[in-house]
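Results of the structural survey
One letter stands for each residue in the lines below.
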Amino acid sequence: MFWFIVFLLMLGAVFYMYQNLKTMEKEIREEQQREKDSADQQKSLNPEPASAAKVAVAEPVAEVSKAEVEPGSALKAEAAIAESDNEIISLIRTNPGIKQTELYAKVETMSTKQAQQMLKKMADAGEIKREKVGSSYKLYV
């Protein structure tokens, strides 16, 4: 009788772990699908021939003097980054505890990878708080 009870407990533990693995696999597959959709959307917005991309990578990078750079281009890039920061922070404020994977779908101005990097930098700087939940993070301001 004792071994039967132990067997049932082990069977229950295995079933519990199986259910957790299924849930994690589902979240991972959803995240991969969102990344794939985001990449497909980026490709459709910026179609670029594959040969041009190879040439750009193969060519050496030339040094550019300050006179050749368009005035204010660095400021424009910084403004775009600041705008993305503000967009992310406002989304987190309106949805406290939003999962990081859910945030990717709502941020349309950048790819998932860019959003991940920005969220990591913001968390390191103390602008936001990330709380580990399963295979993702919950985000708070």
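The notes below deal with the structure included here. Just so it is clear, the structure is predicted and the values come from calculations on it, not from any experiment. (Residues numbered from 1 in each chain as written. Predicted model: local features only at pLDDT ≥ 70, side-chain atom pairs only at ≥ 80, totals over all residues. Heavy atoms only, no water.)

1. Let's talk about a nonpolar patch on the surface
A cluster of nonpolar residues, Met1, Phe4, Ile5, Phe7, Leu8, Leu9 and Leu11, forms a patch on the protein surface that exposes about 800 Å² of accessible area. By the secondary structure assignment, leucine 9 is in helix H1 (residues 2–45). Among the residues examined, leucine 9 registers a relative accessible area of 62% and is labelled exposed. (Patch = residues over 30% accessible without salt bridge, like charges linked within 9 Å, V, L, I, M, F, W, Y side chains within 5 Å. Areas by Shrake-Rupley, 256 points an atom, 1.4 Å probe, with all protein chains shown as cover. Salt bridge = Lys/Arg side-chain N within 4 Å of Asp/Glu carboxyl O. Helix = DSSP H or I, 4+ residues; strand = E, 2+ residues; numbered from the N terminus. Buried < 20%, exposed > 50% of the residue type's maximum accessible area, 1.4 Å probe, protein only.)

2. Some points on helix H5 (residues 112–125)
An ideal rise of 1.5 Å per residue puts 20 Å on 14 residues; H5 measures up with 20 Å between its terminal C-alpha atoms. Residues Thr112, Ala115, Met118, Leu119 and Met122 constitute the buried set of H5. The buried residues of H5 occupy one face: seen down the axis, they fall within an arc of 125°. Along H5, exposed side chains directed more than 90 degrees from the buried face belong to Lys113, Lys121, Asp124 and Ala125. Residue glycine 126 follows H5 closely and has a positive phi angle near 85°. (Expected span 1.5 Å × (residues − 1). Arc of directions from axis to C-beta.)

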